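Listed below, chain by chain, are the residues.
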Amino acid sequence: MLGLPPTTEVKRPLPKAQLFKRFDWTPSQRDSFDGEVSRLDFVNWISPRTVPAIAVGNEVKEIFVVEVVLKRRYFDAKSIELLAKAIPQRIVYLLSYGDEVMLAVYHTKLFTTGWHLIPNVSDLISLNGLNLDAVWENIVSSIGQFSVEKDKSLSEQIKVDEERAKLERQIAALERQMNATKQPRRKRELFVELQKMKTLL
């Protein structure tokens, strides 16, 4: 479906009952997951055995694609996060509902694409990189729609981007506060604080 090499294709079910037995989830977490997810299947296995042109990485030894068939289109992302944190593997989640799919990946946080019609998904993942570390970095940054700077690791880049987004939210809040303030002295104080924060961007 994703246009990955046929050699990577597997079809192995991942029974929910097995997950519930293995993982220490609370009854409410199990109920929530069960209410949203219909079925799970391993559909691709990316490794030097299935794609000989890609070497094993220092950190990433293999990447899996797991199809998650959803019971409803509007799902709680916490269910996918819960699953991703429970399985210590590099996994791309292919979330499907009806004739649409969405990709999700977890690396320090959950990233998702928008919904795509099934005929248009063959180029959503590409295996770019000489080894699996690079392939994984490219998959995560592609799904998350960000780029990794040369001097940073994937995790460092995500942290930097999160801090920048937080700062941008604080600046926007300060700007709203400054615009709403009537007192000239307080307006001036907020302006000075705003300029300081902008230098941190």
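Refer to the structure printed above.
An account of the accompanying structure is given in this report. Quantities reported herein were computed from a predicted structural model and do not represent experimental measurements.

A look at the packing of aromatic side chains
Then comes step 1: One pass over the full model with this rule turns up seven aromatic pairs.
Then comes step 2: An aromatic cluster of at least three residues, connected via ring pairs, comprises Phe20, Phe23, Trp25 and Phe33.

Section: the packing of helix α5 (residues 154-180) against helix α6 (residues 184-199)
Then comes step 1: At their nearest, the axes of α5 and α6 sit 9 Å apart, and the two run at 165 degrees to each other. By the angle between their axes, α5 is roughly antiparallel relative to α6. Regarding α5 and α6, the two cross each other, and that crossing is left-handed. Each of Leu167, Gln170, Ile171, Leu174, Glu175, Gln177, Met178 and Asn179 in α5 lies in contact with α6, whose residues at this interface are Arg186, Lys187, Leu190, Phe191, Glu193, Leu194, Met197 and Lys198.
Then comes step 2: A class-by-class count of the residues in the contact of α5 with α6 yields eight nonpolar, three polar and five charged.

Focus on the pattern of salt bridges
Then comes step 1: In total, this model carries 14 salt bridges according to the counting rule given.
Then comes step 2: Note that Lys16 is salt-bridged to Asp34, the shortest N-O span being 2.6 Å. Residue Lys16 is located in helix α1 (residues 16-22), and its partner Asp34 is located in helix α2 (residues 27-36); the two are separated by 18 residues in the primary sequence.
Then comes step 3: On the basis of relative accessible area, Asp34 is assigned to the partly exposed category, the value being 32%.
Then comes step 4: Salt-bridge contacts for Arg186 lead to Glu189; the nearest nitrogen and oxygen are separated by 3.2 Å. Of this pair, Arg186 and Glu189 both sit in helix α6, separated by three residues, roughly a single helical turn.
Then comes step 5: Exposure remark for Arg186: the relative accessible area of 30% places this residue in the partly exposed category.

With respect to the packing of α2 against helix α3 (residues 77-86)
Then comes step 1: Two numbers describe how α2 lies on α3: the axes approach to 10 Å, and their chain directions differ by 110 degrees. As far as their axial angle goes, α3 and α2 are roughly perpendicular. Handedness of the α2/α3 crossing: left-handed. Side by side, α2 and α3 meet where Gln29, Ser32, Phe33 and Glu36 of the first sit next to Ser79, Leu82 and Leu83 of the second.
Then comes step 2: Of the residues contributing to the contact of α2 with α3, the split by class is three nonpolar, three polar and one charged.

A closer look at the layout of surface pockets
Then comes step 1: Considered as a void within the structure, the largest pocket measures approximately 170 Å³ in volume.
Then comes step 2: Looking at the largest pocket, the residues that line it are Glu59, Val60, Arg90, His107, Asp133, Trp136, Glu137, Ser153, Leu154 and Ser155.
Then comes step 3: Elements represented by at least two residues in the lining of the largest pocket include exactly α4 (132-144) and α5.
Then comes step 4: At three residues, the largest contribution of residues to the lining of the largest pocket is made by α4.
Then comes step 5: Of the residues contributing to the lining of the largest pocket, the split by class is three nonpolar, three polar and four charged.

Structural notes on the pairing of strand β5 (residues 100-106)
Then comes step 1: With six of seven residues buried, β5 is to be regarded as a mostly interior element.
Then comes step 2: Alignment of strand β4 (residues 90-97) against β5, held across six bridges, turns out to be antiparallel. Residue Tyr97 lies in a different strand from β5, and its bridge partner there is Glu100.
Then comes step 3: Hairpin connection, β4 to β5: the antiparallel pair is bridged by two residues, and Gly98 has positive phi, about 60 degrees.
Then comes step 4: For β5 and strand β7 (residues 116-117), the ladder comprises two bridges, and the chain directions are antiparallel. Considered in β7, the bridge of Glu100 is made with Leu117.
Then comes step 5: Strand direction decides the pairing type here: β5 and strand β6 (residues 110-112), joined by three bridges, are antiparallel. Across the sheet, residue Ala104 finds its bridge partner in β6, namely Thr112.
Then comes step 6: Connecting β5 to the next strand, β6, in antiparallel fashion are three residues, including Thr108 with a positive phi near 70 degrees.

How each quantity is defined
Residues numbered from 1 in each chain as written. Predicted model: local features only at pLDDT ≥ 70, side-chain atom pairs only at ≥ 80, totals over all residues. Heavy atoms only, no water. Phe/Tyr/Trp six-rings, centres within 6.5 Å; stacked < 30°, edge-to-face > 60°. Axes fitted to C-alpha atoms, helices over the stretch in contact; angles between N-to-C directions. Helix = DSSP H or I, 4+ residues; strand = E, 2+ residues; numbered from the N terminus. Parallel < 35°, antiparallel > 145°, perpendicular 65-115°, else oblique. Left-handed = near helix turned anticlockwise from the far one by under 90°. Contact = heavy atoms within 4.5 Å. Nonpolar A, V, L, I, M, F, W, Y, C, P; charged D, E, K, R; others polar. Salt bridge = Lys/Arg side-chain N within 4 Å of Asp/Glu carboxyl O. Buried < 20%, exposed > 50% of the residue type's maximum accessible area, 1.4 Å probe, protein only. 1 Å grid on protein atoms, 1.4 Å probe; cavity = no way out; pocket = protein on both sides within 12 Å on 5 of 7 lines; lining within 4 Å. Points joined across faces, edges and corners; volume = space filled by probe spheres on them. Pairing = 2+ DSSP bridges.

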